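Notes for the structure review
This is what each chain is made of:
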Amino acid sequence: MKTVKLSVLISALFLLVGFNVNAQNATTILKKMDDVMFSAKDQSATEKIILTDKDGSIRTREATIKQKGNSMRLFRFVKPASQAGISILSLPNDVMYLYMPAFGKVRRISSSVKSQNFAGTDFSYDDMESKPYSEKYTSKLLKTEAGDFVLQLIPKSKRSAYSKIIVTVDKINGYPVKMEFYDRGNKKFKVADYQFKKIGKYWNASVITMTNLKKHHQTKMIMSSVKYDQGLSDEDFTVRKLEQ
Amino acid sequence: MKNLAKLIIKYRIVIVLLTFGLTVWLGYQIKDLKLDADIINSLPNNDSVAVTYKNIGNQFGGNSMGMIILKTDNIFKTSVLENIKQVTDTLQQTDGISTVTSLTNIIDIKKEDGGIDISNLVDPYDLPRTKSKLDSLRARVMSKDMYKGNIVSADGTSTIIMFTLNDGVDKQAVAKIVKEKVKSMHLPEKVYFGGMPMMMDDVAHLMKRDMSTLLPIALIVIMLILFLSFQSARGVILPLLSSAISIIWVLGIMQLLGFNLDLISSNIPIVLLAVGSAYTIHVINRVNEEKGKNRKKALVRALTYITVPVFLSGITTVFGFSSFIFGAYLTMIRNFGIFTSLGTLFAMIIALVFVPALVSLFSVYRRKNTKAKVKKRENTLMGKWFLMPFSRLIAKHPKYIFAGSLLLILVSVIGVFQIKTSVNMVNYFEKTNSTRITEDLMQQKFGGSLPVFVVFKGDMQSPEVLNTMMETEDYMKKYPYVKTTESVADLIKQMNNVMGEGSKIPNSKLKIQQLWFLLEGQDIMPQLVTKNLNEGIIQSRFGSADSKDMENFVTYMNKFITAHSTKDCQISLTGMPSVYVRLNNSLVRSQFTSLGLAILLVIFIVSLVLKSIRKGFYAAVPIIVTIIFLFGFMGYVGIALNVATVLVASIALGMGIDYSIHIITYYYNDFNETMNVERSIKNTMMVSGKAIIINVVSVAAGFLVLLFSHIVPIQDFGLLVALSMVGSGFAALTLLPVILIMDSRKYLKNTN
């Protein structure tokens, strides 16, 4: 009996070590991905949002984005006309404000919306934020393919809408190629495809296509006029700015 | 006729083999025949209520609503919420389900620290676990009409998980899967299943149970009585065999032509059992009458006589049933007309061709001489103790019997005006049935289960349209059986309030559009407005199963709709109450036009064949009397006209024609020979009367077995069919002979 127990212990130990090596490796890959995605000091861009319904009908929207670091972002719709001026300001610690020009008023948006879809798109508020993945998820390397690593991300927060995300990361450049989102029933329900383009010294996710497999709905976000490191200050991300 | 009879006997082997072959082939088709219990399919495709209702199915994620109720002492417990969430998630992952609404995924719009919060009432990924959080959830639920009495009962002990089905899915199958999945969770709360899809599954289940227990019992009863009457195996097997063959042919052809069985046509086998067996009974009865050394000659003689009346009664019944094809508005009644006529035609042909062929095959040579066994017909039990004294009584007091019948008709007519209609599926179930209990619970705690939709066509973002919607909702809620309403106007109003502009619809379109922006992508939106924003609905539920209440509600709503519908905001009403009201009205209308048409047709055909309009009218008298009596009985006893009982009059019609024709043809045949009223009446009673009584007693007894059914309309149906059999038979054996006696005596008087 004793020997059996000992062998179990030893193999468990090896397994643990093995895990650790794996975890180390996965964490590094994820950290690198975060660096590639979020290393610019600030960024501004125009974003075109194309929504495709299950019957193929298409609606488009346009917005301007300003972002500083990982946690300050101002999202302002410019098209269609009825929504022009609607703006959302995200600040650290999940603080969000909404401005609606027709009312001329600013309202805080509760953090409980995070798992909700953002403005009719297939992205949740959660998906839209630029918090590093390594802060939100624990990672595990599932496999290594020809040009990619495949990671499994498990959310640290119990409030996430996802049970896991399977991310395919480009081996050379470190950016994500594809993310597959699993719901709480562990069923794949959303898939995001990324196209990255190098602008200056940064990799930019110029096209992201998010498909909701359950609703057969698709959102395409296309970035243009991207500018990095223009020296935006905290002053550009205040409630007062939101109202302008 | 003689030649036909000889021909049948000559080719008997071919006929028998052909019939069996055809029966096997058509019987094989039946395996694919489907039962469609969806009541909405019985309205014609171009019916306005049906069109709007089906449209909601297409455009707003399903019009067929199912509910699961969880009941316990207190809903506001983490464990209960976990179970609600588990059921909700399971339903969402079930194929065929379009939307799910429950406490754990319903939208909430609230003001929080001066902020706006549009999210779920309960965060499904972070369920409240502390007492203070659970208490505040309870307070929130009880403060809003959107939740209280809608998703959680006012006493906080029950909650519903509502779901709608995709358009075009097999609702019954989805309901079954839902039940199985939820049952396998073994939840500690009491679980109830309700709504139309669930009911459909239950009815199908009960039907199967009835079929497997009651049908064999009914058959045994019928066989027993047939055996007692004919005292031969042949007398039992042949009538049942010929009905069975005609039933198999009809069902097989239905499948071949691509029809489904529905709530009404599923009764075709029962109707054919009653109507179809009569033809064979008359044929056998006649064959038994013709005794003689040469069986072959006797058979030819019997057929030569009986072919005409059986053919005549058969063809008249076929025309009678076919009046349902032209007189009916409802598709299911029309289909019933088509296939019952066809089945009757088959039953008649089988009785006239197949039965004699089979009889000659088995008995012509084998049973050489049965004379020793033959008793004189006056000495049989039925003859001595019933038919003889009865015919004497009729011949003696025709006027009393006539007056008595008139009185009965008068009393019945009063009852006819009290007849109620009810097509509501809830009334199908006995009070102790779990589906019925669920429906009662839905009515008590959640304002009912029947979906109501008010459809608005117009610019859904215009303040005018949204204000009209709000007005409509307020008006609806003033009606006693409407507790909750839901629309996009409600959501916009709540959001406007959160923006600090008061609980009302904003006065500018731009404001509405911007509030709308925040609602986009919410699961509830496709249930309330179409994507291109030109159509929206108010969803509600109706809390009474009474037809009268539904009719009043539809009238109440239509008054408002006519007053408020404009070109820019067209309003229309649909939902189950509207469907039921439409069905109810069409059921009554269909019934009376079809029956009226059928009776006219019967008079016409009988007049034509007997070459006497007078005789045509005589034939119709017992039928009319029986039908009036039946409706009168239903009125007095309170049995409602529904999808099953609506057929009873047609059975009375089918049977009545047979009885009348047999009595009339036999009587005049005899009378023209003897010119002796008393003798002809006695002979008619002894032969035709006997066959009628056998038919009445066997079929009536068989149908009384249906009283043990688990489905209420089937119980009523069994009772009424038995009653209509007895009624038709009784009228044919009393009122009709009395009329014939009076007619002949007048004739004799005139000729003398």
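Residues numbered from 1 in each chain as written. Chains lettered and ligands numbered in written order. Predicted model: local features only at pLDDT ≥ 70, side-chain atom pairs only at ≥ 80, totals over all residues. Heavy atoms only, no water.

1. Examining the packing of helix α16 (residues 488-498) of chain B against helix α17 (residues 509-519) of chain B
Residues and elements named next belong to chain B. Their axes nearest at 10 Å, the elements α16 and α17 cross at an angle of 100°. What the angle tells us is that α16 and α17 run roughly perpendicular. In contact with V488, L491, I492, M495 and N496 of α16, α17 contributes I512, L515, W516, L518 and L519. (Axes fitted to C-alpha atoms, helices over the stretch in contact; angles between N-to-C directions. Helix = DSSP H or I, 4+ residues; strand = E, 2+ residues; numbered from the N terminus. Parallel < 35°, antiparallel > 145°, perpendicular 65-115°, else oblique. Contact = heavy atoms within 4.5 Å.)

2. Comments concerning the domain arrangement of chain B
Residue and element names in this part refer to chain B. On domain assignment, one finds that chain B holds domain 1 (1-32 + 232-368), domain 2 (42-201), domain 3 (375-417 + 612-752) and domain 4 (434-581). If you average the C-alpha positions of domain 2 and of domain 4, the two centres end up 18 Å apart. At the interface, 42 residues of domain 2 touch 40 residues of domain 4. Buried area between domain 2 and domain 4, both sides added, is near 3600 Å², and the carbon and sulfur share of it is 70%. (Domains from an automatic or database assignment. Buried area = accessible area lost by both parts, 1.4 Å probe.)

3. Description of the confidence of the model for chain A
Of all residues in chain A, 89% have pLDDT values of 70 or greater, and the mean over the chain is 83. The element-level mean pLDDT for chain A is lowest in helix α1 (residues 2-38) of chain A, coming to 65, with strand β10 (residues 176-182) of chain A highest at 92. (pLDDT = per-residue confidence, 0-100.)

4. Re the sheet that holds strand β9 (residues 535-542) of chain B
The pairing of strands in a sheet happens through backbone hydrogen bonds and is either parallel or antiparallel. Residue and element names in this part refer to chain B. Across the sheet, four strands lie side by side as β8-β9-β7-β10; this open sheet has antiparallel pairing. Edge positions in the sheet fall to β8 (482-486) and β10 (569-575), since each has one partner strand and no second. Strand-to-strand twist across the sheet, computed as the mean angle between neighbouring axes with direction ignored, equals 20°. Two strands pair when backbone bridges link them, and strand β7 (residues 450-458) and β9 are joined in this way by eight bridges, in the antiparallel orientation. Bridging from a neighbouring strand, V454 pairs with I538 of β9. (Pairing = 2+ DSSP bridges.)

5. Some words on unusual backbone geometry
Of note, the amide linkage connecting K79 of chain A to P80 of chain A takes the cis form, showing an omega dihedral of -5°. At H216 of chain A, a residue that is not glycine, the phi angle is positive and equals roughly 50°. As for its position among the elements, H216 of chain A is in the loop between β12 (202-212) and β13 (217-228). Look at H216 of chain A and you get exposed, because its relative accessible area is 52%. Phi is positive for H186 of chain B, close to 50°, though the residue is something other than glycine. (Buried < 20%, exposed > 50% of the residue type's maximum accessible area, 1.4 Å probe, protein only.)

6. Considerations on the environment of L583 of chain B
Residue and element names in this part refer to chain B. Here L583 is to be found in helix α20 (residues 576-610). When the C-alpha atoms of L583 and E520 are compared, they prove to be 38 Å apart, with 63 residues separating the residues in sequence. When near neighbours in sequence (up to four residues on either side) are disregarded, L583 contacts I39, S42, L43, L330 and V423.

7. Topic: the sheet that holds strand β5 (residues 158-165) of chain B
Residues and elements named next belong to chain B. Here we have four strands laid out as an open sheet, ordered β2-β5-β1-β6, and antiparallel in their pairing. The sheet is open, and its two borders are formed by β2 (97-101) and β6 (190-195), each paired with just one other strand. Between one strand and the next, the sheet's axes are offset by a mean angle of 20°, whatever the strand orientation. Pairing analysis gives four bridges linking β2 to β5, with the strands arranged antiparallel. Residue pairing for β5: T101 is matched across the bridge by M162. Helix α4 (residues 78-92) contacts β1 (65-71), β2 and β5 of the sheet and is inclined by roughly 5° relative to β5. Of the strands in this sheet, β1, β2, β5 and β6 are in contact with helix α6 (residues 171-183), which crosses β6 at around 170°.

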